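Structure assessment
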Amino acid sequence: VYDQTMGTSQMLSAMMERIKELNEDAEVLTFGQELNPETFAIAKADTMIRGGDADQMKLGSTLSNDQFTDYTFDYCISNPPFGIDWKKDKIAVQSENERGEMGRFGAGLPKISDGQLLFQLNGLSKLKDTGRMAIVHNGSALFSGNAGGGESAIRQYVIENDWLEAIVQLPTDLFYNTGISTYVWLITKNKSVERRGQVQLIDASKCFEKRRKNIGNKRVDIDEHARKLIIQAYGEFTNKEYRDEKLSVESKLFNNN
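In this report, we go over the structure that sits alongside the text. Everything quoted here is computed from the prediction, not taken from an experiment.

**Observations concerning helix 2 (residues 37–49)**
Working note: α-helix, 3.6 residues per turn, so residues spaced by three or four point in the same direction. Along its 13 residues, helix 2 runs 18 Å from first to last C-alpha, staying within 8% of the 18 Å computed at 1.5 Å per residue. Taken as a whole, helix 2 has its buried residues at Phe-40, Ala-43, Asp-46 and Thr-47. Along helix 2, the residues classed as buried sweep out an arc of 125° about the axis, all on the same side. Projecting away from the buried face of helix 2 at angles above 90 degrees are the exposed residues Glu-38, Met-48 and Ile-49. For helix 2, the elements touching its buried residues are helix 1 (10–22), strand 2 (31–34) and strand 3 (57–59).

Structure, rendered in structure tokens:
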């Protein structure tokens, strides 16, 4: 399992716990990279505490100083920074872009003010042919850029290769530090037969439990009940609106084109 923007590595820890719940005999190896030295140090310590290999936690910019060249992973789980520029990484990123398919960023370059889609391309380059990625974006990754521009070219690259399985719109006010809408992109290089040629869009923006006490901008939770409804909508893979008590989730299928 690889997290290219791991922060303090809590998503890797949660992923390991979840896999162990499903199969206690599974051997789970975690790998991560982080730009901030303080959060990197916490990630390294946390990995040691849970018995992982702390040497697999790396420091540096994922975009310009990739510490996992030639690695591929079964799973990539990532919450890259929203709306952060990539000026410091520009020379290295453009150099890889010019290498085309030999580099991570050959599909296109987003505008310099927002590097989210660069992380998506990096994650794709790290997936095994049977690998899967869940990456959290804001609306920018969906809507930004002109037709034919860098962002559009990256989206086209992902969809025309038939790697985009689903996009799940999450509720607002879900994260501590922002109240904006967020989206989980589920990407795989090995779609199941029934999903091939199609993208599933899931609106889970109304599927949440209100918190009794806010934490920063976080006013809602996706509790187990809500989570099951979202997973049901994803698993059944059909055009349908799901309702349960006050919760609702809507699933729609679209052909890639």
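**Some remarks on the pairing of strand 8 (residues 198–203)**
Bridge count for strand 6 (residues 164–169) against strand 8 is four bridges, and the pairing is parallel. Looking across to strand 8, one finds that Gln-169 is bridged to Asp-203. Here strand 8 runs beside strand 12 (residues 247–255); their pairing, made up of six bridges, is antiparallel. Looking at strand 12, one finds that Val-199 is bridged to Phe-254.

**Examining the packing of helix 4 (residues 116–125) against helix 6 (residues 150–160)**
The geometry of helix 4 relative to helix 6 is characterised by a closest axis approach of 10 Å and an angle of 30° between their N-to-C directions. Classified by the interaxial angle, the pair formed by helix 4 and helix 6 is roughly parallel. For the crossing formed where helix 4 meets helix 6, the hand is left-handed. In this structure, helix 4 uses Leu-117, Gln-120, Leu-121 and Leu-124 to contact helix 6, whose residues at the interface are Glu-151, Ile-154, Arg-155, Tyr-157 and Val-158. Along the lines of polarity and charge, the residues of the contact of helix 4 with helix 6 split into six nonpolar, one polar and two charged.

**Focus on the environment of Thr-130**
As for its position among the elements, Thr-130 is in strand 5 (residues 127–138). With 58 residues separating them in the primary sequence, Thr-130 and Thr-188 have C-alpha atoms 7.2 Å apart.

**A look at the pattern of salt bridges**
One pass over the full model with this rule turns up 15 salt bridges. One salt bridge in this structure joins Asp-221 and Arg-211, with 2.9 Å as the shortest N-O distance. Of this pair, Asp-221 sits in strand 10 (residues 218–221) while Arg-211 sits in strand 9 (residues 209–215), and the two are ten residues apart along the sequence. Overall, Asp-221 belongs to the partly exposed group, its relative accessible area being 23%. Among the residues examined, Arg-211 registers a relative accessible area of 26% and is labelled partly exposed. Residue Lys-228 pairs with Glu-224 through a salt bridge whose shortest N-O separation is 3.7 Å.

Parameters at a glance
- Residues numbered from 1 in each chain as written.
- Predicted model: local features only at pLDDT ≥ 70, side-chain atom pairs only at ≥ 80, totals over all residues.
- Heavy atoms only, no water.
- Helix = DSSP H or I, 4+ residues; strand = E, 2+ residues; numbered from the N terminus.
- Expected span 1.5 Å × (residues − 1).
- Buried < 20%, exposed > 50% of the residue type's maximum accessible area, 1.4 Å probe, protein only.
- Arc of directions from axis to C-beta.
- Contact = heavy atoms within 4.5 Å.
- Pairing = 2+ DSSP bridges.
- Axes fitted to C-alpha atoms, helices over the stretch in contact; angles between N-to-C directions.
- Parallel < 35°, antiparallel > 145°, perpendicular 65-115°, else oblique.
- Left-handed = near helix turned anticlockwise from the far one by under 90°.
- Nonpolar A, V, L, I, M, F, W, Y, C, P; charged D, E, K, R; others polar.
- Salt bridge = Lys/Arg side-chain N within 4 Å of Asp/Glu carboxyl O.

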